[in-house]
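Geometric and topological summary
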Amino acid sequence: MAEPAKAIHATLIHSLSPTHLEILPNALLTISSSGTILSLQPNVPLSDVPNILAQQNIQHIPLAGLSHGQFLIPGFIDTHNHAPQWMQRGLGQGMHILDWLDGITFPNEAKFADPAHAETVYEKLVRGMLRQGVTTASYYGSLHGEATRVLASTCLRAGQRALIGKCNMDRNSPSFYCEASAEESVAATRECIRHIKSIDPAGDCIRPVLTPRFAISCTGELLKSLGDMAREDDSLAIQTHFNEAAQEINATLSLFPDFSNEADLYSSFGLLTRRSILAHCTIMTEYEVQKLRELGCGIAHCPTANMTVGGGFMAAPVKEFLRRGMSVGLGTDSGGGYSSSMVNAMRHALVTSYARDALYPNSKKAGEALSLEEVFYMATRGGAKVVGFEERVGRFGVGLEFDALVVDLRDERGGVNVPLDGGDAPERMLEKFVMTGDDRNIARVYVKGRVVHGEE
């Protein structure tokens, strides 16, 4: 059995299901040197901790204890993030999606042809994401193979879990930012996959993900080649944009006139599987919802971007996805989303669901409004399932890996919004953090038991 490297005494909050939070007060965890949770005992008075550790023959290990106003939650999982867009956040808000790509995004992403630029930006990106408690992210890279390899190495070095995908795009993009052929795109993708598997052979932290940007920017030949790669290697995740906006859907179907919807289109190329991460899914037919459910696809809900970039207020039917037992996580879609904060993503998921509830008052369904429990689940355990890390992270339990945030609502953290009261119970503290907190309230971030932000 692995030897413990540290112990933590704290209140733990995590999700058992989309609607059920579990709160474990005064819990004692021991964590191995490799970052695995070895034991978890709730309701342990702090005064009893030394005796309990001694009874387990555990001595001389660091013990971290949290006080009132502090608690532990699982690390956040951003299921949809554009790494090269870190420096363009906040630009082009209100533009239609294709205009935004041409005017803002493609010129910015083209800069990543320079590996030195990628080094500079990706160091800032990963440091900023960890500071905000994002312990796992599914990243779209640029179309450049070398820059994508830089991203993978940067995440591994900093200790952030990540899915890393070189963006595939061989048409309908400006000449300065478009791959010459499907063959060139696939060759660069294979090289990125080889690199990622060489630096993390077991896929403990860094994994490759096939990343056709969307069907508009990919020829049928390229989509087919990527689908063939997914069939050849069942460890490969797949990510793309799906039914993001009316302008995008209309353009897609005009390029593929044999199809009347995106579900059939992507499915025909072998790109819809249980390993698929589909961003947005805002404008959905009953047929498409049912097909994604049957195929077991994961959905990356990106409410911040859906309210600000794309051409209208687009609120995905997330409550219906959850009712049908579909896998749903939250994504920031930074920089289409102006904020890279998963706390903001939770708030915005609530707001958009309230809007749907008001927009469809005569719906025969059971309502569209999400609960705090549901958005917290999507930011943690639900996201872990979407990106394929559910057997390792997203909650607390013996045998799982310790990816966690120390949330601190006390005045000395320097936050101005969280109104901590001396009598606040853990449920109320979590609600206040989700609705009013920010990165200043994330005091420490662990990935595999290692502190990757803050001090031990």
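Please read these numbers as outputs of a predicted model, since none were measured by experiment.

1. Focus on the overall build of the protein chain
Across its full length, the protein chain carries 15 helices and 17 strands. Since a compact globule built from 456 residues should have a radius of gyration of about 23 Å, the 22 Å found for the protein chain is in line with a globular shape. With the C-alpha coordinates aligned to their principal axes, the bounding extent of the protein chain is approximately 70 × 55 × 40 Å. Put simply, the protein chain has 456 residues, and 61% of those count as buried. Put simply, of all contacts in the protein chain between residues at least 6 apart along the chain, 74% involve residues at least 24 apart.

2. Some thoughts on the environment of Trp-100
Position of Trp-100 among the secondary structure elements: in helix H2 (residues 97-110). Take Trp-100: its relative accessible area is 4%, and that puts it in the buried class. Residues Trp-100 and Thr-79 lie 21 residues apart in sequence; the distance between their C-alpha atoms is 21 Å. The residues touching Trp-100, leaving out its near neighbours within four places in the chain, are Gln-85, Gln-88, Leu-91, Gly-92, Met-95, Thr-105, Val-309, Gly-335 and Gly-336.

3. Considering the pairing of strand S5 (residues 70-74)
For S5, the tally of buried residues reaches five of five residues, placing the bulk of the element in the interior. Neither face of S5 is left uncovered, since the one carrying Gln-70, Leu-72 and Pro-74 and the one carrying Phe-71 and Ile-73 both have all their residues buried. As paired elements, S5 and strand S15 (residues 404-408) share five bridges and run antiparallel to each other. Bridged to Pro-74 within S15 is Ala-404.

4. Quick notes on the pattern of salt bridges
The tally for this structure, following the rule as stated, stands at 24 salt bridges. For the salt bridge of Arg-161 with Glu-401, the shortest nitrogen-to-oxygen distance reads 2.5 Å. Pair noted here: Arg-161 is in strand S8 (residues 161-165) and Glu-401 is in the loop between helix H14 (381-386) and S15, with a separation of 240 residues, a long-range link. Accessibility expressed as a relative area gives 11% for Glu-401, which makes it buried. The partner of Glu-368 in a salt bridge is Arg-356, and the shortest N-O contact between them spans 3.2 Å. On the criterion of sequence distance, the pair formed by Glu-368 in the loop between helix H12 (342-359) and helix H13 (372-379) and Arg-356 in helix H12 is long-range, its members being twelve residues apart. Taking relative accessible area as the criterion, Glu-368 reaches 4% and is therefore assigned buried. Through salt bridges with shared partners, a single network forms among Glu-286, Glu-320, Arg-323, Arg-324, Arg-356 and Glu-368.

5. Section: H12
Helix length check: H12, at 18 residues, gives a terminal C-alpha distance of 25 Å against a target of 26 Å (1.5 Å per residue), a fit within 8%. Across the 18 residues of H12, 13 count as buried, placing the element largely inside the fold. By the N-cap criterion, in which a side-chain oxygen at the helix start approaches the backbone nitrogen of a residue two or three places on, H12 is capped by Ser-341, the distance to Val-343 being 3.1 Å.

6. Brief notes about the packing of helix H3 (residues 115-131) against helix H4 (residues 145-158)
Put simply, H3 and H4 touch, their axes get as near as 9 Å, and they point 35 degrees apart. In terms of crossing hand, the pair formed by H3 and H4 is right-handed. On H4, the residues touching Pro-115, Ala-118, Glu-119, Tyr-122, Glu-123, Leu-125, Val-126 and Leu-130 of H3 are Glu-146, Ala-147, Val-150, Leu-151, Thr-154, Cys-155, Arg-157 and Ala-158. For the contact of H3 with H4, a count of residues per class yields eleven nonpolar, one polar and four charged.

7. Remarks on the pairing of strand S14 (residues 327-330)
Here S14 shows two buried faces, one formed by Ser-327 and Gly-329 and the other by Val-328 and Leu-330. In terms of strand pairing, strand S13 (residues 298-301) meets S14 through four bridges, oriented parallel. Along S14, the bridge assignment pairs Gly-298 with Ser-327.

8. Observations regarding the state of the cysteines
Working definition: the covalent bond between the sulfur atoms of two cysteines is a disulfide. For the structure shown, the criterion picks out zero disulfides. With no disulfide of its own, Cys-218 has Cys-167 as its nearest cysteine by sulfur position, at a separation of 7.5 Å. Note on Cys-218: relative accessible area 0%, which makes it buried. Considering cysteine sulfurs only, Cys-297 is the nearest to Cys-281, which forms no disulfide, with 8.4 Å between them. Accessibility expressed as a relative area gives 0% for Cys-281, which makes it buried.

9. A word on unusual backbone geometry
The residue after Ser-334, namely Gly-335, is reached through a cis peptide bond having omega 5 degrees. Note on placement: Gly-335 falls in the loop between S14 and H12. We note that His-280 has phi near 90 degrees; this positive angle belongs to a residue other than glycine. Examined against the element boundaries, His-280 turns out to sit in strand S12 (residues 276-280).

10. Points about the domain arrangement of the protein chain
We note that the domain assignment places domain 1 (4-74 + 395-453) and domain 2 (76-387) within the protein chain. The distance between the C-alpha centroids of domain 1 and domain 2 comes to 30 Å. At the boundary of domain 1 with domain 2, total buried surface from both sides reaches about 2,500 Å², with 64% on carbon and sulfur atoms. Per-residue buried area on domain 1 facing domain 2 is highest for Pro-18, Val-434 and Asp-439; these three make up 22% of the total on that side. Between the two partners, domain 1 and domain 2, sit three salt bridges. Measuring nitrogen to oxygen at the nearest pair gives 3.0 Å for the salt bridge that ties Arg-131 to Asp-439.

11. A short note on helix H5 (residues 182-199)
Helical geometry note: an α-helix holds 3.6 residues per turn, so side chains three or four residues apart project in the same direction. In a regular helix each residue adds 1.5 Å, so 18 residues correspond to 26 Å; H5 covers 26 Å between its end C-alpha atoms and thus fits that length. Within the span of H5, buried status applies to Ala-182, Ser-185, Val-186, Ala-188, Thr-189, Cys-192, Ile-193, His-195 and Ile-196. Packed against the buried residues of H5 are H4, S8, strand S9 (167-168), strand S10 (206-212) and helix H6 (220-232).

The rules we used
- Residues numbered from 1 in each chain as written.
- Predicted model: local features only at pLDDT ≥ 70, side-chain atom pairs only at ≥ 80, totals over all residues.
- Heavy atoms only, no water.
- Helix = DSSP H or I, 4+ residues; strand = E, 2+ residues; numbered from the N terminus.
- Rg over C-alpha atoms; globule rule 2.2 N^0.38 Å.
- Buried < 20%, exposed > 50% of the residue type's maximum accessible area, 1.4 Å probe, protein only.
- Contact = heavy atoms within 4.5 Å.
- Pairing = 2+ DSSP bridges.
- Salt bridge = Lys/Arg side-chain N within 4 Å of Asp/Glu carboxyl O.
- Expected span 1.5 Å × (residues − 1).
- Polar contact = N/O pair within 3.5 Å; in protein donor to acceptor, adjacent residues only side chain to side chain.
- Axes fitted to C-alpha atoms, helices over the stretch in contact; angles between N-to-C directions.
- Left-handed = near helix turned anticlockwise from the far one by under 90°.
- Nonpolar A, V, L, I, M, F, W, Y, C, P; charged D, E, K, R; others polar.
- Disulfide = S-S within 2.5 Å.
- Domains from an automatic or database assignment.
- Buried area = accessible area lost by both parts, 1.4 Å probe.

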